[in-house]
Amino acid sequence: MKDRTKYDLILDALQTLLEKKEMKTISVQEIARTAGIGKGSIYYYFSSKDKILEALIERSYKKPLELAKNLTAQTNIPAFTRMAMLFQACRTSSAEFLRQGKSSTMTGAEKAFLHQTYINYLVTELKPVLTSIIEQGIETGDIEFDYPAALAEIVLIVLTLKLDNTIVPASEEEIAQTIRGLISLLEKGTGNATGVLNFLLSNIS
């Protein structure tokens, strides 16, 4: 079994370096030196620098992903309430991840790559979980929709882009308007009364 302590040291090293340097100027040798391990050890765990970054993103979203998996089993909680809990967990992790990057010297292109990478990760990892929650809502009659996987993907793409607010920057009011539009579509598309899903707006405040 791979040594998780050394694995985390590598991720910690990259995270520390990203706060001071541009991604393109960071070498694998420098990551190894910062982590206090040999360069060869890096390649035992990761095939490239980009793979280290992907793993760092994955670790940053470990808690919301664990919560997501646990929520699928909590069928006593209404589907949309579980969705809101999931969105809030992602919001918290996103805020922390972005806060770490504000003090870095990454270029605009590197930040865009970073955000695209973690948005892709979130959508890919959370889509099957959210699909399951929506399917459970359909079974209980709380949701009326023929394409649960498509609905999950649409919701995740809109929320991750807007809650990230980096790739497509917008004012708080513009973000709120987009979320209100999404809520309206969800309510009409899933057979819920107007205003039922307004609690989702709490995730952008």
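Our structure is the block above this text.
Residues numbered from 1 in each chain as written. Predicted model: local features only at pLDDT ≥ 70, side-chain atom pairs only at ≥ 80, totals over all residues. Heavy atoms only, no water.

Here we look at the overall build of the protein chain
As a reminder, the rule being used: Per the convention used, a helix needs a DSSP run of H or I reaching at least four residues, while a strand needs a run of E reaching at least two, with both numbered from the N terminus. Note on exposure labels: buried denotes an accessible area under 20% of the residue type's maximum, exposed denotes more than 50%, and partly exposed covers the range between, all computed with a 1.4 Å probe on protein chains only. Contact between two residues is taken to exist if any of their heavy atoms lie within 4.5 Å; hydrogens are not considered.
Along the protein chain, the regular secondary structure elements total nine helices and zero strands. Counting from the amino terminus, helix and strand elements in the protein chain follow one another as α-α-α-α-α-α-α-α-α. When each of the 205 residues of the protein chain is scored for burial, the buried share is 44%. When contacts within the protein chain are restricted to residue pairs at least 6 apart in sequence, long-range pairs at least 24 apart make up 66% of them.

Details of helix H4 (residues 49-60)
For the record, the criterion: One less than the residue count of a helix, multiplied by 1.5 Å, gives the span that helix is expected to have.
In this model, H4 (twelve residues) spans 17 Å end to end at C-alpha, consistent with the 16 Å of a helix rising 1.5 Å per residue. Those residues of H4 lying buried are Lys49, Ile52, Leu53, Ala55, Leu56 and Ile57.

Some thoughts on the nonpolar core
One broad trend across soluble globular proteins is that nonpolar side chains are buried collectively. Let me state the cut-off plainly: Buried Ala, Val, Leu, Ile, Met, Phe, Trp, Tyr and Cys residues form a nonpolar core when they are joined through side-chain atoms within 4.5 Å.
If you look at the biggest cluster of nonpolar residues, it comprises 55 residues, and the most contacted ones within it are Leu14, Ile31 and Leu130. Among the elements that make up this core, the one with the highest residue count is helix H7 (residues 108-140) (eleven residues).

Describing the environment of Leu151
In this fold, Leu151 is placed in helix H8 (residues 148-164). For Leu151, a relative accessible area of 7% gives the class buried. Taking the C-alpha atoms as reference, Leu151 lies 9.8 Å from Thr190; in sequence the two are 39 residues apart.

Side note on the side chain of Gln136
Quick reminder of the rule: Nitrogen and oxygen atoms within 3.5 Å of one another constitute a polar contact, given that in protein one can donate a hydrogen and the other can accept it, and given that sequence-neighbouring residues count only through two side-chain atoms.
Relative to the helices and strands, Gln136 is located in helix H7. Its relative accessible area of 16% is what places Gln136 among the buried residues. A distance of 2.8 Å separates the side chain of Gln136 from the backbone oxygen of Thr72, its partner in a polar contact. Setting aside residues no more than four positions away along its own chain, Gln136 makes contact with Thr72, Thr75 and Arg82.

Points about the pattern of salt bridges
Convention followed: Definition used for salt bridges: Asp or Glu carboxyl oxygen within 4 Å of a side-chain nitrogen of Lys or Arg.
Under the definition given, this model contains six salt bridges. Residue Arg59 pairs with Asp12 through a salt bridge whose shortest N-O separation is 2.8 Å. Within this pair, whereas Arg59 is found in helix H4, its partner Asp12 is found in helix H1 (residues 4-18), the two being separated by 47 residues in sequence. Looking at Arg59, the relative accessible area reads 29%, which means it is partly exposed.

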